[in-house]
Amino acid sequence: MATATPADPHGFRRRGVLFVLSSPSGAGKSTIARMLLESEPELAMSVSATTRAMRPGEVDGRDYHFVDLERFRTMVADNAFIEWAHVFGERYGTPRAPVDAMLSSGKDVLFDIDWQGAQQLHQIAGGDVVRVFILPPSMEELHRRLTSRRTDTVDVIDRRMARAANEVSHWDGYDYVLVNGDVETCFAGVRTILAAERLRRSRQTGLIGFIRGLTRSS
Ligand code: 5GP
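What counts, and where the lines are drawn
Within every chain, residues take consecutive numbers counted from 1 along the sequence as written. Given that this is a predicted model, residues contribute local features only at a pLDDT of at least 70 and side-chain atom pairs are listed and counted only at 80 or more, while totals for whole chains, interfaces and linings are drawn from all residues. Here the side-chain values reflect all heavy atoms present in the structure, with hydrogen atoms and water set aside. Strands here are runs of E lasting at least two residues and helices are runs of H or I lasting at least four, both read from the DSSP assignment and numbered beginning at the N terminus. We compute the radius of gyration over the C-alpha atoms and compare it with the globule rule, which gives 2.2 Å times the number of residues raised to the power 0.38. Residue contacts follow a heavy-atom distance rule, with two residues in contact if any of their heavy atoms lie within 4.5 Å. Computed with the Shrake-Rupley method and a 1.4 Å probe, the accessible areas treat only the protein chains shown as cover for residues. When charges are tallied, Lys and Arg are placed among the positive residues and Asp and Glu among the negative ones, while His and the ends of the chain are skipped. Working definition for charges: the position is that of NZ of Lys, CZ of Arg, CG of Asp or CD of Glu. Note on method: axes are straight lines fitted to C-alpha atoms, helices fitted across the in-contact stretch only, with angles between N-to-C directions ranging 0 to 180 degrees. Left-handed describes a crossing whose near helix is turned anticlockwise from the far helix by less than a right angle; the clockwise case is right-handed. Each residue is assigned to one of three groups, with Ala, Val, Leu, Ile, Met, Phe, Trp, Tyr, Cys and Pro labelled nonpolar, Asp, Glu, Lys and Arg labelled charged, and all others, Gly among them, labelled polar. Here's how the labels work: a residue is buried when its accessible area is under 20% of the maximum for its type, exposed when over 50%, partly exposed in between, all with a 1.4 Å probe on protein chains only. Two N or O atoms count as a polar contact when they lie within 3.5 Å, although within protein this holds only if one can serve as hydrogen donor and the other as acceptor, and sequence-adjacent residues are included solely when both atoms are side-chain atoms. By convention in these notes, a residue is near a molecule or strand provided one of its non-hydrogen atoms lies within 4 Å of it.

Colleague: Whenever I open this one, the overall build of the protein confuses me. Can you help?
Modeller: For the protein, the count of helices and strands is 8 helices and 11 strands. Against the 2.2 N^0.38 benchmark of 17 Å for 218 residues, the protein shows a C-alpha radius of gyration of 19 Å, consistent with a compact globule. Based on the C-alpha atoms only, the size of the protein along its principal axes is roughly 70 × 40 × 30 Å. For the protein, long-range pairs separated by at least 24 residues make up 68% of all intrachain contacts whose partners lie at least 6 apart in sequence. Of the roughly 11,300 Å² of accessible surface on the protein, a fraction of 54% belongs to carbon and sulfur atoms. The positive charge centre, built from 28 side chains, and the negative charge centre, built from 28, are 5 Å apart in the protein.

So, in structure tokens, the structure goes:
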């Protein structure tokens with residue numbers, strides 16, 4: 001996976017951040033992802049492929065690449081996914097080529113994927129991956145949010161609530177865990193994590209040349 005990026009205020013090269021956001025659906029992850037993308041020009045979104053049906057308001061190619069099962073299977077066979085998983089009885093996967101292209105063009109990449117995806121990505125890309133998990137303040141609040149967004153039937157909401165409990169149990173597979181009681185506060189936390197991770201010494205591959213220059217001139 002290509003990961004060298006030139007983006008840095010001092011012109012140092014650094015490795016791109018693979019920034020994973022997971023949460024039970026309804027915990028506010030999509031809102032925070034949108035806020036991050038709007039305020040971080042160096043960050044690009046990985047658009048997953050899925051076999052699930054499109055919801056009202058969703059756009060093919062923007063929210064997901066909506067594909068049928070046959071196409072999804074072909075992509076798996078062609079090794080076109082970095083990771084993929086079964087979620088809610090459907091399949092979801094991260095297409096590999098766009099992620100490589102974004103990293104080589106100097107972007108960090110944002111992934112809205114579940115714990116299975118976070119785990120697989122971490123196995124593949126290790127230290128380049130930062131895994132952030134967002135929790136709802138309570139299960140009652142999660143239920144309220146799922147009901148108020150009016151995109152799912154009662155049956156689907158019940159399944160999402162059951163799945164949320166399972167999803168939450170994987171909190172310890174993440175590097176950072178935040179509670180989204182207030183979206184602005186949670187967003188500020190997530191943004192701080194991204195800023196700090198970009199500055200990690202291990203990502204600053206161009207630092208050696210700079211240090212050599214510094215010590216030479218002293
Ligand atoms: P939804 O159907 O509500 O859009 O997404 C359901 C779940 O699938 C969410 O938890 C979301 O993070 C996860 N998901 C979306 N895309 C991917 C993907 O490419 N890989 C994996 N492993 N999970 C995904």
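So that's the structure; there's more coming.
Colleague: Honestly, the packing of helix α5 (residues 139-148) against helix α6 (residues 154-168) in this entry has me stumped. Any pointers?
Modeller: To characterise two packed helices, one gives the angle between the axes of the helices and the distance between these axes. Where α5 meets α6, the closest approach of the two axes is 10 Å, and the angle between their N-to-C directions is 145°. Between α5 and α6 lies a crossing whose hand is right-handed. Mapping the contact onto sequence places M139, L142, H143, L146 and T147 in α5 and I157, R160, M161, A164 and A165 in α6. Classifying every residue of the contact of α5 with α6 gives 7 nonpolar, 2 polar and 1 charged.

Colleague: Help me understand the side chain of T94 in this model?
Modeller: Position of T94 among the secondary structure elements: in strand β8 (residues 90-95). T94 sits in the buried class, given a relative accessible area of 0%. Looking at T94, its side chain comes within polar contact range of the side chain of E83, at 2.5 Å. When sequence neighbours within four positions are dropped, the list of residues in contact with T94 reads S46, S48, A80, F81, I82, E83, V99, F111 and I113.

Colleague: Can you help me understand the site of the ligand in this one?
Modeller: Every one of the 17 residues lining the ligand counts as a neighbour, but S48, R52, Y64, E83 and Y92 are closest to it. S48 places a side-chain nitrogen or oxygen 2.7 Å from an oxygen atom of the ligand. In the model, an oxygen atom of the ligand is placed 2.7 Å from a nitrogen or oxygen of the D112 side chain. Taking 510 Å² as the accessible area of the ligand by itself, protein coverage stands at 95%. Those elements that provide at least two residues to the shell around the ligand are β7 (81-87) and β8. Grouping the constituent residues of the shell around the ligand by class yields 6 nonpolar, 4 polar and 7 charged.

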